[in-house]
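Fold and geometry: a report
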Amino acid sequence: HRDLHAFATRSYSDLPKALAGIGIDEKLGLVIPLDLTFHDENGNAIRLKQLIHRPTILAPVYYSCPNVCSFLLFNLSGVINKVDSEPGKEYQVLTFSFDETEKPDLALEKKKMYLKMIEKPFPEDAWRFLTGDKENIQKLTDAIGFHFKRQGQDFLHPVSLVILSPDGKITRYIYGTEFLPFDIKMALLEASEGRVGPTLSKVLRF
């Protein structure tokens, strides 16, 4: 994995060949398709519109990822410990796997692991771990401009959180696996007001 300065508007032609077509094409201000259906960690089919009613941290990962996805979720649980916003009321987290072969049992295992890292009272419904079929995954990743590629058992993919307003509008992207509680708090505040915030750090990690 390497750090690359990847601007959203930049063509991918000057990236190393292996990473061509991989990255984030920011869709700030657009609303994601809320009629898409995924499965939650208990195996129940659920539409995004049933889940998104408050500022939402959307984390695209694949659960068996050996490195950056684990760092992303580990650091996110650490930030949740420090953010004084109330989970389940002022914000929620949705993690979804972009690997269509991953199933709810793996999602549940990961959910239990990351919730254990949160040291303060945290309602289980405030962080959902979703899996889905190829079609719904593709529609959601296209909607957030998240471009990835399967490579053997693994994936080449960008690393980012996407912040959504209560009505599903994309209000901010936060790149990388490390973020400050202040950045998350401000991004959630913007999202609660439906304000779109510019991306602060354009260093995109793969």
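For clarity, every value in this text was computed on a predicted model and none was experimentally measured.

**Quick look at helix α3 (residues 104–116)**
Its 13 residues place the ends of α3 18 Å apart at the C-alpha level, agreeing with the 18 Å of an ideal helix rising 1.5 Å per residue. Turning to α3, its buried residues are Pro 104, Ala 107, Lys 110, Lys 111, Tyr 114 and Leu 115. Taken end-on, α3 shows its buried residues confined to a sector of 125 degrees, consistent with a single buried face. Residues Asp 105, Lys 112 and Lys 116 are exposed on α3 and point more than 90 degrees away from its buried face. Contacts from the buried residues of α3 go to β3 (37–39), α2 (68–82) and β7 (127–130).

**What about the environment of Ile 52?**
By secondary structure assignment, the location of Ile 52 is in the loop between α1 (48–51) and β5 (56–61). According to the relative accessible area criterion, Ile 52 is buried, its value standing at 3%. Setting aside residues up to four positions removed in sequence, Ile 52 forms contacts with Ile 32, Leu 34, Gln 92, Leu 94, Leu 164, Ser 165, Pro 166 and Gly 168.

**What to know about the pattern of salt bridges**
The final tally for this structure, using the stated rule, is twelve salt bridges. The partner of Asp 40 in a salt bridge is Arg 128, and the shortest N-O contact between them spans 3.0 Å. Residue Asp 40 is located in the loop between β3 and β4 (45–47), and its partner Arg 128 is located in strand β7; the two are separated by 88 residues in the primary sequence. Grouping residues by exposure puts Asp 40 and Arg 128 together as buried. Among the salt bridges present, the one from Glu 86 reaches Lys 89, with a minimum N-O distance of 3.8 Å. We classify Glu 86 as partly exposed; its relative accessible area is 39%.

**Things to note about helix α5 (residues 181–192)**
Taking 1.5 Å per residue as the helical rise, α5 with its twelve residues ought to reach 16 Å, and the 16 Å between its terminal C-alpha atoms agrees with that figure. For α5, every residue scored as buried is listed here: Ile 184, Ala 187, Leu 188, Glu 190 and Ala 191. The buried residues of α5 occupy an angular sector of 160 degrees when the element is viewed end-on, so they sit on one face. Gly 194 occupies a position one or two residues after α5 and carries a positive phi of about 75 degrees.

What counts as what
Residues numbered from 1 in each chain as written. Predicted model: local features only at pLDDT ≥ 70, side-chain atom pairs only at ≥ 80, totals over all residues. Heavy atoms only, no water. Helix = DSSP H or I, 4+ residues; strand = E, 2+ residues; numbered from the N terminus. Expected span 1.5 Å × (residues − 1). Buried < 20%, exposed > 50% of the residue type's maximum accessible area, 1.4 Å probe, protein only. Arc of directions from axis to C-beta. Contact = heavy atoms within 4.5 Å. Salt bridge = Lys/Arg side-chain N within 4 Å of Asp/Glu carboxyl O.

Interpretation in functional terms is not warranted from these geometric data alone.
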